[in-house]
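# Structural description and commentary
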Amino acid sequence: MRLCLTVFIALAISALCSGGAKRMTPEERIAIVLRETQPLKFPRGERLPLYVWPAMDLPGDEAQVEATLKALDARGIAACASWHPGKDQQQSLERALRMSAIQKRLGLRVNINANACTYSICDGSEATAHLDADGKPFFDTSSEGRKLGCPFRLQHRYPAMREQVDFFCRGYAEKGIEPSFVFADWEIDGPIEWNGGWDAAKRCAVCRKNIPKLDDFIEFQKAYRRVRSEIQRECYASVVLKHFPKALVGNYGVYPHNGWRYWYDYFEGDAPKGCPVKTDGRAPYRPWADEFKDCGYTFAMPVVYTWYRIWSWYDWPQGNYRWFYALLLEVSSVGQATPATTPIITFVHHTTTSPPKDPDPAVKQFSPEAYKELLWHMLLRGHDTFFLWCPDDEIAQEIRPLHEVWAAALEFREFLDKGEPVTFGVPKQPGPVVSAFRLGNRLLVRRTDFTAARDAVPLKVGDKALPIPRAGAKCQVLTLPE
Ligand SMILES: [Zn+2]
């Protein structure tokens, strides 16, 4: 079997090197994942696996899929099967079941990409449109040209949306295969408060009637997010949990937080005038509604990507700290707001994300060293594992540092499994950054420096303060004084 897998990888890589095509085959993607990562040195125990987008719908016959699953599992990496509703849904179900059945037989988690099942409640039909004062239908087309409808005219779509998920859940339940992780990437669909969303709502007689304080952005956002949460709960989360009550179910970008969002998605333009942003340097952080609980999700799925615009928000000459700072604000907001019983599975992406066609050469890429430090701080602020998203041509460079940190952290599994984060502080200026996990009277600490400062920095732990020395790119295990 090992020989078979080696030949399979070699063939896929040689095809890749000679081809030069941008879009890779599933064989090529998985070959890079296996080539760029090593089997784990420290056991994973009960910790969640590492999720990576290229490990999706594994190719090959049953023997090949089994060999690939085993090779991935040796590295702590999980594979997901996708559900695609629509005219070919029976084939999609059978294809997904084939891989999931092997996972079950091997004692691995059954992981599902349900993204396609969550689109599109806004199907562009007139019955979903906003209505102007004359009763004339119109859409908000300001987000990637999609025909986004009125949040108060979508309820008739719920049964059909629910069925897209239920069909696959029934198929799995009938075979006795229980998904333990189900995720979606539902973003540009349903009512959205950004881009021209607020203007559209103000023009709509139905929105006006349903949102008494429509001219107050916060009230408007709450109303829109309430409907978005209802859609996710009624058409997705509750459907999965009805069949599989123990499943982790979640969606890209939905997670507990401190009321602010420190990043903009690729399709989100500047916050509209009248939105009470919080200014920090040139950064306009946006208020964000509390939607996680309402959605009924059982794991948090934050997004920690190096969005292009972040770099220009601050003036520090230490370019790395511009990325690190904004991302650590987001990391800390989620880590602090999420109960320890709710896993945090964070989407990550290192390479500058969503740059324009002609990027400003002044915008410097986040260094791999600083990115790896950020990953450590994420783990020490309560993020349980990562989910790598990246385009095909970045798989090698993205998975290497990610897997390296994630696998190395397993050496400290006892801390991460049983301990708790100590601090969520984010220094306002480049300098030493400290994160720590406490287990009894011991601390697992990471200190990362962005200046030449040599002094120890005090870390407050309960009513005590512990000096944290500079230690280079490694973790320290310290003991609290009596
Ligand atoms: Zn409306």
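### Quick notes on the sheet that holds strand β15 (residues 433-439)
Here 4 strands make up an open sheet; going across it, the order is β14-β15-β16-β19 and the pairing antiparallel. Every other strand in the sheet has two partners, leaving β14 (420-421) and β19 (475-479) as the edge strands with one partner each. Running over the sheet, helix α11 (residues 368-379) touches β15, β16 (442-448) and β19 and is turned about 150° from β16.

### Structural notes on helix α12 (residues 395-409)
When the terminal C-alpha atoms of α12 are compared, their 21 Å separation across 15 residues agrees well with the 21 Å that a helix rising 1.5 Å per residue should span. The buried fraction of α12 amounts to 11 of the 15 residues, a majority that puts the element mostly inside the structure. Those residues of α12 lying buried are Ile-395, Ala-396, Glu-398, Ile-399, Pro-401, Leu-402, His-403, Val-405, Trp-406, Ala-407 and Ala-409.

### Let's talk about the coordination of the zinc ion
Donor atoms from the polypeptide that bind the zinc ion are His-130 (ND1), Cys-150 (SG), Cys-204 (SG) and Cys-207 (SG), placed at 2.1 to 2.4 Å. Because the angles between the 4 donor atoms bound to the zinc ion fall within 101 to 114°, the donor set is best described as tetrahedral. All donors to the zinc ion come from one chain, and their sequence spacing reads H-x19-C-x53-C-x2-C. With His-130 in strand β4 (residues 130-131) and Cys-150 in the loop between β5 (137-138) and α5 (158-174), this pair connects stretches of sequence that are 20 residues apart. For the pair His-130 and Cys-150, one class covers both residues: buried.

### Quick notes on the packing of aromatic side chains
The final tally for this structure, using the stated rule, is 43 aromatic pairs. Measuring from centroid to centroid gives 5.7 Å for Trp-263 and Trp-307, while their planes differ by 5°, and the two rings are stacked. Placement of Trp-263 in the loop between β8 (260-261) and β9 (278-280) and of Trp-307 in strand β11 (residues 303-307) is noted, with a sequence separation of 44 residues between them. In this structure, Trp-263 and Trp-307 share a single accessibility class: buried. Each residue in the set Tyr-51, Trp-53, Phe-181, Phe-183, Tyr-252, Trp-263, Phe-299, Tyr-305, Trp-307, Phe-347, Phe-387 and Trp-389 is aromatic and connected to the rest through ring pairs, giving one cluster. Over the face of the ring belonging to Tyr-264 we find Arg-286, whose NZ or CZ atom lies 3.8 Å from the ring centre.

### Re the packing of helix α4 (residues 89-105) against α5
Interhelical geometry of α4 versus α5 gives an angle of 45° and a closest axis separation of 10 Å. Comparing the axis directions of α4 and α5 gives the class oblique. The way α4 lies across α5 gives a crossing that is right-handed. Contacts between α4 and α5 involve Gln-89, Gln-90, Ser-92, Leu-93, Ala-96, Leu-97 and Ser-100 on the former and, on the latter, Phe-167, Phe-168, Gly-171 and Tyr-172.

### Overview of the pattern of salt bridges
Per the stated rule, a full pass over the model turns up 28 salt bridges. Asp-123 is paired through a salt bridge with Arg-157; the nearest N and O atoms lie 3.5 Å apart. Taken together, the residues Asp-123 in the loop between β3 (111-113) and β4 and Arg-157 in the loop between β5 and α5 connect sequence positions 34 residues apart. Arg-157 gets classed as buried once you look at its relative accessible area, which sits at 13%. Residues Asp-166 and Lys-242 are paired through a salt bridge, measuring 3.1 Å at the closest nitrogen-oxygen approach. Here Asp-166, found in helix α5, pairs with Lys-242, found in helix α8 (residues 217-243); they are 76 residues apart in sequence, far enough to count as distant. The class of Asp-166 is buried, set by a relative accessible area of 11%. A residue is classified by how much of its surface remains accessible, and Lys-242, at 57% relative accessible area, is exposed. Through salt bridges that share partners, Glu-62, Glu-66, Lys-70 and Arg-105 make up one connected network.

### What to know about unusual backbone geometry
A cis geometry characterises the amide bond from Tyr-119 onward to Ser-120, with omega recorded as -10°. Mapped onto the fold, Ser-120 is located in the loop between β3 and β4. The phi torsion at Asp-57 lies on the positive side, around 50°, for a residue other than glycine. The residue Asp-57 is located in the loop between β1 (50-56) and α3 (62-74) in this model. Owing to a relative accessible area of 36%, Asp-57 belongs among the partly exposed residues under this scheme. Residues other than glycine seldom take positive phi values, yet Asn-195 does so here, at roughly 55°. Considering the arrangement of structural elements, one finds Asn-195 in the loop between β6 (181-184) and α6 (197-203).

### What to know about the sheet that holds strand β10 (residues 283-287)
Read from one edge to the other, the open sheet built from 3 strands follows the order β8-β10-β9, with strand pairing classed as antiparallel. In this open sheet, the two strands that pair with only one neighbour each are β8 and β9. Pairing of β9 with β10 involves 3 bridges; the strand directions are antiparallel. Of the residues in β10, the one forming a bridge with Thr-279 is Pro-284.

### Observations regarding the pairing of strand β12 (residues 345-353)
Counting buried positions over the 9 residues of β12 gives 9, a clear majority of the element. Across 4 bridges, β11 lies against β12 in parallel orientation. The residue of β12 that forms the bridge with Trp-307 is Thr-353. Taken together, β11, helix α10 (residues 319-337) and β12 constitute a β-α-β crossover, and its handedness is right-handed. Taken together, the 4 bridges between β12 and strand β13 (residues 385-388) define a ladder with parallel strand orientation. Counterpart to Ile-345 in the pairing with β13 is Thr-385.

Parameters and conventions
Per chain, residue numbering runs from 1 following the sequence as it is written. Per-residue local features of the predicted model are confined to residues with pLDDT of at least 70, and side-chain atom pairs are confined, for both listing and counting, to 80 or more; whole-chain, interface and lining totals are unaffected and use all residues. In computing side-chain values, all of the structure's heavy atoms are included and hydrogens and water are not. Two strands make a pair as long as DSSP finds a minimum of two bridges between them. Numbering of helices and strands runs from the N terminus, with a helix taken as a DSSP run of H or I at least four residues long and a strand as a DSSP run of E at least two residues long. Contacts were defined at the residue level, with two residues in contact if any of their heavy atoms lie within 4.5 Å. Fitting a line to C-alpha atoms yields each axis, with helices limited to the stretch in contact; the angle taken between N-to-C directions then spans 0 to 180 degrees. The length a helix should cover is 1.5 Å for every residue beyond the first. Only protein chains enter the accessibility calculation, which uses a 1.4 Å probe; a residue whose area is less than 20% of its type maximum is buried, one above 50% is exposed, and one in between is partly exposed. Sodium, potassium and calcium take a 3.2 Å donor cutoff, other metals 2.8 Å, and in both cases only N, O and S atoms count; water is not among them, so sites may look incomplete. Any site counts as irregular unless it has four donors with all angles between 85 and 135 degrees, making it tetrahedral, or four or six donors with opposite ones more than 155 degrees apart and the rest between 65 and 115, making it square planar or octahedral. Between the rings of Phe, Tyr and Trp (Trp by its six-membered ring), a pair exists once the centres lie within 6.5 Å; its type follows the angle of the planes, with under 30 degrees stacked, over 60 edge-to-face, and the other angles tilted. Comment: the charge-over-ring label is applied if NZ (Lys) or CZ (Arg) is within 6 Å of the ring centre and within 35 degrees of the ring normal. To sort the angles, those under 35 degrees are grouped as roughly parallel, those over 145 as roughly antiparallel, those from 65 to 115 as roughly perpendicular, and the leftovers as oblique. Two helices crossing with the near one rotated counterclockwise from the far one by less than a right angle form a left-handed crossing, whereas a clockwise rotation gives a right-handed crossing. A pair is scored as a salt bridge if a Lys or Arg side-chain nitrogen falls within 4 Å of a carboxyl oxygen belonging to Asp or Glu. The path from the first strand over the helix to the second decides the hand: if it runs clockwise while the strands point away from the viewer, the crossover is right-handed.

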